[in-house]
Structures are given as structure tokens and as C-alpha cells.
Amino acid sequence: IPSGVLNPSAVNIIGNGVVFDPAGFFDEIADLEKDGIDTSNIFISDRAHIVFPYHKLLDALGEAAKGGRKVGTTNKGIGPCYMDKMERTGIRICDMMDDESFAEKLSAQIDRKNAIITKIYGAEPVDKEAVTAEYLEYARRLRPYVRDTGVLVYEAVKSGKKVLFEGAQGAMLDIDLGTYPYVTSSHPVSGGFTTGAGVGPNSIEEVIGIVKAYTTRVGAGPFVTEEDNEIGDAIREAGHEYGVTTGRPRRCGWLDLVTLKYAKRLNGLTGISVNHLDTIGKFDKIKVCVAYDCNGVQTEDFSTNLKFLQSCKPVYKEFDGNFGDLSGCKTFEDLPENAKAYINFIEE
């Protein structure tokens, strides 16, 4: 559910570019309503693809089968759902709006997936009747939320309303532009927002890159500035760096400006929002990676070539830490000089 749900005046839209888990959606609805938050102002694209239990099972089975070559997915069925989308066999929310045809499509998909689950992985099949009954009920509950959300976004942009496109994950997890294969299955870069929301690229005026004052990664994949030691442990505990979905401890390290410059180029960033300044400010000395040393050759250019990244060592610049308590700082001028110097260098 978009974070704007906490703002009672905001219209919250789940776009066509996502894969949508009805079970997770209604769990979140229940949690929000339990806290007295109004959830009536949420709309879901009729073109979003649905995550089913067989997607989650295939995700887990596929990861287990990779052994030591795991990608590190959340086992939420995201990859297998996007596979169906690209194979053009996926089931969309609009398909759920007609009970009879939806049941037929779902039945055919469960038969196909059960053949893979049982014959390739040797696992127990999905219960077709139970899943069909469960998702027919979800379809009934979803109807009030479903819209052609591309029209809603377009009309909001056209009328001059404030529109925030909010993406999950990060630039390094983009299916085309990230550290493949250790990526997600979609485009969490600014270019993906327009296709994912159903509007043109000229709808976007500003692109704010959200970055921590250090670097983290969940799951496998290259991480040049990783501190797999007491420094990384200290960052993790100070920043509470555990995966929101799985609770897995995040891998932590110093801020990587080579990666950040690459993300700036990919997204056309017009600004950055630096988070967790208080976390990194607890250290006496702070390092920032300004270049990579690849077999004796320094470069400031990022590459998604895994062999290249595995041979790279970070080139660091050091800053003074001990920022102190930042909780009372409301403007940049309120920050201590050490924190200002750190931010100014990142900006430059």
C-alpha cells in the first residue's frame, strides 16, 4: 500500500506495473484499520498482475534448487509472477472481475504450475479448489478498489495536482540496469515509473534519489564497500538494518559514490534525500568510496559486470564523525559542521 495512505487527503494508487498480492494487501488493510487509518482512498490498477500461492511456492523451490547460487529473493512469488506476465499467461486484476472466466483461467494455470511443482521439483501440488475459492473471495473484496488508474494519474497531472511516484527497491535492482542476476523483476528506476503508472515521461518534473548515508544490501550480489566485520555489524545495529519483508540482516558498508553517481545518471536525479545521517554520525571516522581500484586501475565508472565488480577494491576518502544528537535539526544550517562537510561532499 502506498505510504500516502497515512495522509487523509491523499489519493493512493497501486499502478499497473506492480505484481499484486491480494492476501498481503488485505493483511495491510487490516493492520491500518486496526490503527484507525482510513483505507477507503486506495485504488488498484485493473491491469496489475496477480501473485498466487503457486508463484510463492515456485519462488521458494527455485531458490532452493540453486544451492550456492541463490539470488536471495524474498520468496514472495514476485519473479515467477513477472515470468507469467512476460510469457503472456499471467492473470490480471481485470480477469478477476468475471467469476466464471477467472475460475477457468486460474484452473488452467494451476494445472500447468502443478505439473512443474510435482514433476520437476517433486513437491506437493497446490490445492486447486481451495485456491480458487480463496481468490474468488478476494475478487469480490477487491471490486470497490479497482479502477483504470492510468486515467486517475493522468487527470491529476493534467490538472496540476501534486503527484508522487513512489517506487520500491532501488536502482541497483533494476532488471536491465542493475547487478544482474541479483536484481528484482521490474524497473525500479524513474523510467519505470511512467510505464508502471500508465502516463508519459513528461509527467515527471523532479526525481529525488533516496539514499542512506551508508550502503546496504539484502540478499546476494556484489557489494564493493561491504564491511563484513564489526564495522558492518555496528552500522546494522545502529540503523536497525533488517529486511522489512523477511527480517534478514542487511549487509552494510560505507557509502559508495561510484554507485550513487551511476544511479544519478540512470534516474536523471534532480536532488537527493540523505537518510540515516544520525546513524553514520555515531562513528568517530566515516569513510566514503570515491573510486574503484580494479587490478591497479582506478575508475569512477560503475559497471554491472560481476567479474569486474568482484575484482574491485574501494578507494576511500575519510571524514570526521561524531555528529551528536541531530533530532533537533530542522534545517541544513542547524547541522554540526562535520555533518555539513559530509553532506556537501556527497552533493558535490
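Here's a quick rundown of the structure. (Residues numbered from 1 in each chain as written. Predicted model: local features only at pLDDT ≥ 70, side-chain atom pairs only at ≥ 80, totals over all residues. Heavy atoms only, no water.)

## Considering the sheet that holds strand E3 (residues 42-45)
Heads up, the condition is: The pairing criterion for strands is at least two bridges between them, as found by DSSP. Secondary structure elements are defined from DSSP: runs of H or I of at least 4 residues count as helices, runs of E of at least 2 residues count as strands, and each element is numbered from the N terminus.
Within the open sheet, the three strands sit side by side as E1-E3-E5. Their pairing is parallel. Each edge of the sheet is formed by a strand with only one pairing partner; in this case those strands are strand E1 (12-14) and strand E5 (146-147). Relative to E5, E3 runs parallel, the two sharing two bridges. If you follow serine 45 over to E5, its bridge partner there is arginine 147.

## A short note on the pattern of salt bridges
Our working rule: By definition here, a salt bridge exists when the distance from a side-chain nitrogen of Lys or Arg to a carboxyl oxygen of Asp or Glu is within 4 Å.
Evaluation of the coordinates by the stated rule reveals 18 salt bridges. As a salt-bridge pair, aspartate 95 and lysine 105 come within 2.9 Å of each other at their nearest N and O atoms. Of this pair, aspartate 95 sits in helix H4 (residues 93-96) while lysine 105 sits in helix H5 (residues 99-119), and the two are 10 residues apart along the sequence. Residues joined by salt bridges that share partners form a network here, namely Asp46, Arg47 and Asp148.

## Here's the deal with the state of the cysteines
Heads up, the condition is: In this description, a disulfide is simply a cysteine sulfur pair whose atoms lie within 2.5 Å. In this scheme, a residue with accessible area under 20% of its type's maximum is buried, one over 50% is exposed, and one in between is partly exposed, where area comes from a 1.4 Å probe on protein chains only.
For the structure on display, the rule yields zero disulfides. Considering cysteine sulfurs only, cysteine 94 is the nearest to cysteine 81, which forms no disulfide, with 13 Å between them. The exposure class assigned to cysteine 81 is buried, which follows from its relative accessible area of 1%.

## Remarks on the side chain of aspartate 84
The cut-off we apply is this: We define a polar contact as two N or O atoms separated by no more than 3.5 Å, with the added condition that, inside protein, one atom must be a possible hydrogen donor and the other a possible acceptor, whereas residues neighbouring each other in sequence contribute only through side-chain atom pairs. Contact between two residues is taken to exist if any of their heavy atoms lie within 4.5 Å; hydrogens are not considered.
Along the chain, aspartate 84 turns up in helix H3 (residues 78-87). Engagement of the side chain of aspartate 84 in a polar contact is seen with the side chain of lysine 113, the distance being 2.7 Å. Apart from the residues within four sequence positions on either side, aspartate 84 is in contact with Tyr54, His55, Thr89, Gly90, Gln109 and Lys113.

## Examining H5
Note the following rule: The span one expects for a helix is its residue count, reduced by one, times 1.5 Å.
When the terminal C-alpha atoms of H5 are compared, their 30 Å separation across 21 residues agrees well with the 30 Å that a helix rising 1.5 Å per residue should span. Elements that come into contact with the buried residues of H5 comprise helix H2 (53-65), H3, H4 and helix H6 (128-142). Structurally, the start of H5 carries an N-cap: the backbone nitrogen of glutamate 100 is 3.3 Å from a side-chain oxygen of aspartate 98.

## Thoughts on the nonpolar core
The line we're drawing: By nonpolar core we mean a set of buried residues, namely Ala, Val, Leu, Ile, Met, Phe, Trp, Tyr and Cys, connected to one another through side-chain atoms within 4.5 Å.
Counting 31 residues, the largest nonpolar core has Phe20, Phe25, Leu106 and Tyr135 as its most contacted members. Every residue in contact with phenylalanine 25, bar those within four places of it in the chain, is listed here: Ile1, Ile14, Phe20, Ile42, Ile44, Leu142 and Tyr145. Residues Trp254, Leu257, Phe323 and Tyr342 belong to the second largest nonpolar core, which totals 22 residues.

## Some words on the packing of H2 against H3
The line we're drawing: Every axis in this analysis is a line fitted to C-alpha atoms, fitted for helices over the stretch in contact. Angles between the N-to-C directions lie between 0 and 180 degrees. Left-handed describes a crossing whose near helix is turned anticlockwise from the far helix through less than a right angle; right-handed describes the clockwise counterpart. All amino acids are sorted into three groups, where Ala, Val, Leu, Ile, Met, Phe, Trp, Tyr, Cys and Pro are nonpolar, Asp, Glu, Lys and Arg are charged, and the leftover types, Gly among them, are polar.
Where H2 contacts H3, the axes come no closer than 7 Å and their chain directions differ by 115°. Relative to H3, H2 is oriented so that their crossing is right-handed. In this structure, H2 contributes Tyr54, His55, Leu58 and Asp59 to the contact, and H3 contributes Ile78, Pro80, Cys81 and Asp84. The class makeup of the residues in the contact of H2 with H3 is five nonpolar, one polar and two charged.

## Notes on unusual backbone geometry
The omega torsion of the bond from tyrosine 180 to proline 181 falls at 5°, within 30 degrees of zero and hence cis. Following the sequence through the fold, proline 181 ends up in the loop between helix H7 (149-158) and helix H8 (190-197). Although it is not a glycine, histidine 240 sits at a positive phi angle of roughly 55°. Looking at the secondary structure, you find histidine 240 in the loop between helix H9 (230-239) and strand E8 (251-253). Although it is not a glycine, asparagine 295 sits at a positive phi angle of roughly 55°. Take asparagine 295: it is sitting in the loop between strand E11 (285-294) and strand E12 (297-299). With a relative accessible area of 67%, asparagine 295 lands in the exposed category.

## Structural notes on the packing of aromatic side chains
What counts, and what does not: In summary, the pairing rule links any two rings of Phe, Tyr or Trp, Trp by its six-membered ring, whose centres are within 6.5 Å, and it sorts them by plane angle into stacked for under 30 degrees, edge-to-face for over 60 and tilted for everything else. For a ring to carry a charge above it, either NZ of a lysine or CZ of an arginine must fall within 6 Å of the ring centroid while also lying within 35 degrees of the normal to the ring plane.
Counted according to the given criterion, the structure contains 16 aromatic pairs. Note on phenylalanine 20 and phenylalanine 25: the rings are 5.1 Å apart at their centroids and 50° apart in plane angle, and the pair reads as tilted. Assessed through its relative accessible area of 3%, phenylalanine 25 is described here as buried. Ring geometry for phenylalanine 25 and tyrosine 145: centres 5.2 Å apart, planes at 85°, overall edge-to-face. Here phenylalanine 25, found in helix H1 (residues 22-34), pairs with tyrosine 145, found in the loop between H6 and E5; they are 120 residues apart in sequence, far enough to count as distant. Since its relative accessible area comes to 13%, tyrosine 145 is described here as buried. Sitting over the ring of phenylalanine 26, arginine 141 keeps its end group 3.9 Å from the ring centre.

Treat this as a map of the structure, not an account of what it does.
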